[in-house]
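# Survey of secondary and tertiary structure
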Amino acid sequence: MGKDRDHSSQRFHDREQRAKDYQKQLPGEDDAPLPPPVEPIKADENPDRNDPCSCGSGKKFKKCCGKAGG
């Protein structure tokens, strides 16, 4: 029974140490504030087949990212 108690005690202390280490990673009161969230970029609409591809390759959409799989 002594080993079980020692093992449980060690697991408890390990868990406590992990919790303390995690708390150290979080920003505190004296740290700089986090930057504001960034708005995601939204595409107005899907490009037509003959429009230039939005990935910047210079190819037409139908020959680049709009290519049918198969």
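Above this text sits the structure in question.
Described below are features of the structure shown in this document.

Cut-offs applied
- Residues numbered from 1 in each chain as written.
- Predicted model: local features only at pLDDT ≥ 70, side-chain atom pairs only at ≥ 80, totals over all residues.
- Heavy atoms only, no water.
- Helix = DSSP H or I, 4+ residues; strand = E, 2+ residues; numbered from the N terminus.
- Buried < 20%, exposed > 50% of the residue type's maximum accessible area, 1.4 Å probe, protein only.
- Areas by Shrake-Rupley, 256 points an atom, 1.4 Å probe, with all protein chains shown as cover.
- Disulfide = S-S within 2.5 Å.
- Patch = residues over 30% accessible without salt bridge, like charges linked within 9 Å, V, L, I, M, F, W, Y side chains within 5 Å.
- Salt bridge = Lys/Arg side-chain N within 4 Å of Asp/Glu carboxyl O.
- Lys, Arg positive; Asp, Glu negative; His and termini not counted.
- Charge placed at Lys NZ, Arg CZ, Asp CG, Glu CD.

## Quick notes on the overall build of the protein chain
Within the protein chain one finds one helix and zero strands. A total of 70 residues make up the protein chain; the buried ones form 1% of that total. Only carbon and sulfur atoms are counted for the fraction: they give 50% of the accessible area of the protein chain, which is about 7,300 Å².

## Quick look at the state of the cysteines
The final tally for this structure, using the stated rule, is zero disulfides. Of the cysteine sulfurs around C53, a residue in no disulfide, the closest is that of C65, at 3.5 Å. Residue class for C53 comes out buried when judged on its relative accessible area of 8%.

## Considerations on the environment of K63
With respect to the helices and strands, K63 occurs in the segment after α1 (2-25). Along the backbone, K63 and R49 are 14 residues apart, and their C-alpha atoms lie at a distance of 8.4 Å.

## A closer look at a positive patch on the surface
Taken together, R49, K59, K60, K63 and K67 make up a surface patch of like positive charges. Assignment of secondary structure puts K60 in the segment after α1.

All we've got here are geometric facts, nothing functional implied.
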